[in-house]
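Residue-level structural notes
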Amino acid sequence: AKSEALMELLDAVDFEQAVIFVSCSEQAGGVQKLLAEMGLSALAVHEAVEESQRATNCALFRGFEGRVLVATDVGLVVCDAALGKKVK
């Protein structure tokens, strides 16, 4: 259902990069696997990824070394910090 809709959307839209928000790290892993099957490079930032790796993944995404960032809200806190934004 949702996986098929995501695949259809990504096939239909011309994009350089995208951020996909998920509610938990388990979903992030599934989405990342689905994207890999579609041939899209995906980086993950969520609570199951170590903080230093989250920061690295954010920097890689910002440098266009990944087309898709799969994130939970917890993961994005590290991204904000890595990008120099004030975290509340």
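Above this text you will find the structure in question.
Residues numbered from 1 in each chain as written. Predicted model: local features only at pLDDT ≥ 70, side-chain atom pairs only at ≥ 80, totals over all residues. Heavy atoms only, no water.

1. Here's the deal with the side chain of Thr 72
Here is the rule we go by: Helix and strand labels come from DSSP, where a helix needs a run of H or I of at least four residues and a strand needs a run of E of at least two; each type is numbered from the N terminus. The definition of a polar contact used here is a pair of N or O atoms within 3.5 Å, where within protein one atom must be able to donate a hydrogen and the other to accept one, and adjacent residues in sequence count solely through side-chain atom pairs. The contact definition used throughout considers only heavy atoms, calling two residues in contact when any of these lie within 4.5 Å.
With respect to the secondary-structure elements, Thr 72 resides in the loop between β3 (68-71) and α4 (73-82). At a separation of 2.9 Å, a polar atom in the side chain of Thr 72 contacts the side chain of Glu 47. Leave out the neighbours within four places in its chain, and Thr 72 touches Val 22, Ser 23, Cys 24, Ser 25, Val 45, His 46 and Glu 47.

2. Regarding helix α2 (residues 25-37)
Think of an α-helix as 3.6 residues a turn; residues three or four steps apart then line up on the same face. The line we're drawing: Helix span, as expected, comes to 1.5 Å for every residue beyond the first. Think of it in three bands: residues with accessible area under 20% of the maximum for their type are buried, residues over 50% are exposed, and the middle band is partly exposed, with areas taken using a 1.4 Å probe on protein chains only.
Helix length check: α2, at 13 residues, gives a terminal C-alpha distance of 19 Å against a target of 18 Å (1.5 Å per residue), a fit within 8%. Buried within α2 are the following residues: Ser 25, Ala 28, Val 31, Leu 34 and Leu 35. Against α1 (2-12), β1 (18-21), β2 (42-45) and β3 lie the buried residues of α2. Gly 39, located one to two residues past α2, shows a positive phi value of around 85 degrees.

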